[in-house]
Amino acid sequence: MLAAAEKALLTRLREHRDIKGVVRTVDTLPKVTSDALLKRYYADAPALYIVPGRFSVADSLATLRFTVAGVVRNVAGAAQARNGDGIDIGCDHLVTLAIRALHDQMVGDCSWRVVSGEMVDEEIFDQAGVAAVELQLESWPVEIGFDYGAGQIAELASFTRVHADIDIPPQAGSAEHAKWLATPPDFSTSRPDAELDAQLPGAR
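Residues numbered from 1 in each chain as written. Predicted model: local features only at pLDDT ≥ 70, side-chain atom pairs only at ≥ 80, totals over all residues. Heavy atoms only, no water.

Peer 1: Kindly report on the pairing of strand 5 (residues 110-120), identifying the contributing residues and their values.
Peer 2: Regular strands place their side chains on alternate faces of the sheet. The sheet contact formed by strand 4 (residues 105-107) and strand 5 spans three bridges and is antiparallel. Each residue of the ladder has a partner; that of Gln 105, found in strand 5, is Trp 112. (Pairing = 2+ DSSP bridges. Helix = DSSP H or I, 4+ residues; strand = E, 2+ residues; numbered from the N terminus.)

Peer 1: Explain the layout of surface pockets to me, using residue names and the numbers behind them.
Peer 2: Empty space within the largest pocket amounts to approximately 650 Å³. Contributing to the lining of the largest pocket are 24 residues, with Ser 111, Ser 174, His 177, Ala 178 and Leu 181 lying nearest its centre. Elements with a minimum of two residues in the lining of the largest pocket: strand 7 (142-143), strand 8 (161-166) and helix 7 (174-180). Counting residues per element, the lining of the largest pocket draws most heavily on helix 7, which supplies five residues. Partitioning the lining of the largest pocket into residue classes produces 13 nonpolar, six polar and five charged. (1 Å grid on protein atoms, 1.4 Å probe; cavity = no way out; pocket = protein on both sides within 12 Å on 5 of 7 lines; lining within 4 Å. Points joined across faces, edges and corners; volume = space filled by probe spheres on them. Nonpolar A, V, L, I, M, F, W, Y, C, P; charged D, E, K, R; others polar.)

Peer 1: A description of the packing of aromatic side chains should follow, citing residues and the corresponding values.
Peer 2: For the structure shown, the criterion picks out two aromatic pairs. Arranged with centres 5.5 Å apart and planes meeting at 35 degrees, the rings of Tyr 41 and Tyr 49 form a pair that is tilted. For the pair formed by Tyr 41 and Tyr 49, the shared burial category is buried. On the basis of an interplanar angle of 70 degrees and a centroid distance of 5.9 Å, the ring pair of Phe 66 and Trp 112 is categorised as edge-to-face. Linking Phe 66 in strand 3 (residues 61-73) with Trp 112 in strand 5, this pair joins segments that are 46 residues apart in sequence. This pair shows no difference in class: Phe 66 is buried, exactly as Trp 112 is. For Arg 113, the ring lying beneath its charged end belongs to Trp 140, and the centroid distance is 4.1 Å. Cation over ring: Arg 191 sits above Phe 187, and NZ or CZ is 4.2 Å from the ring centre. (Phe/Tyr/Trp six-rings, centres within 6.5 Å; stacked < 30°, edge-to-face > 60°. Buried < 20%, exposed > 50% of the residue type's maximum accessible area, 1.4 Å probe, protein only. Lys NZ or Arg CZ within 6 Å of the ring centre and 35° of its normal.)

Set out below in structure tokens:
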């Protein structure tokens, strides 16, 4: 679950139209010593990294959480790196790019939202002209895949009807999708672009 989500997030960042050609490196956070990490940051910047994720479970639903780390550099110093100078991008620009690519977007099997962010205040970065920022990324709750035994599968009734709500870009977003999934569906502020209902053999 976490590995698949991490791969999907990396792919989205690498392929996003606003990130291509602006961000040099998109990768998982390298596991090296602090001195080696600073050298890596300096070589990779401007860069976006996905930090290995975690999840919590409540009522058979999992919420996935990842940290997106952004790094920029500027020969004029860390303060200039944070702000950018019209040639090298700053932290705010990098944050904007990451939010455009991930916030309120369906990536992999999850809908995601950016819930918080902060600058990384490290003296070692200041001395090297490097600035870093971290974003906390959280999924909307998703169902956990259960491992049903053969006996339990046999007890489940056959599917007799399939319904699908189809939302084409620009999409309504995960909050509106949740309304459509309510019982009964809430179409007060938006509707699917198309709906599919299929009656399968055996349906009454």
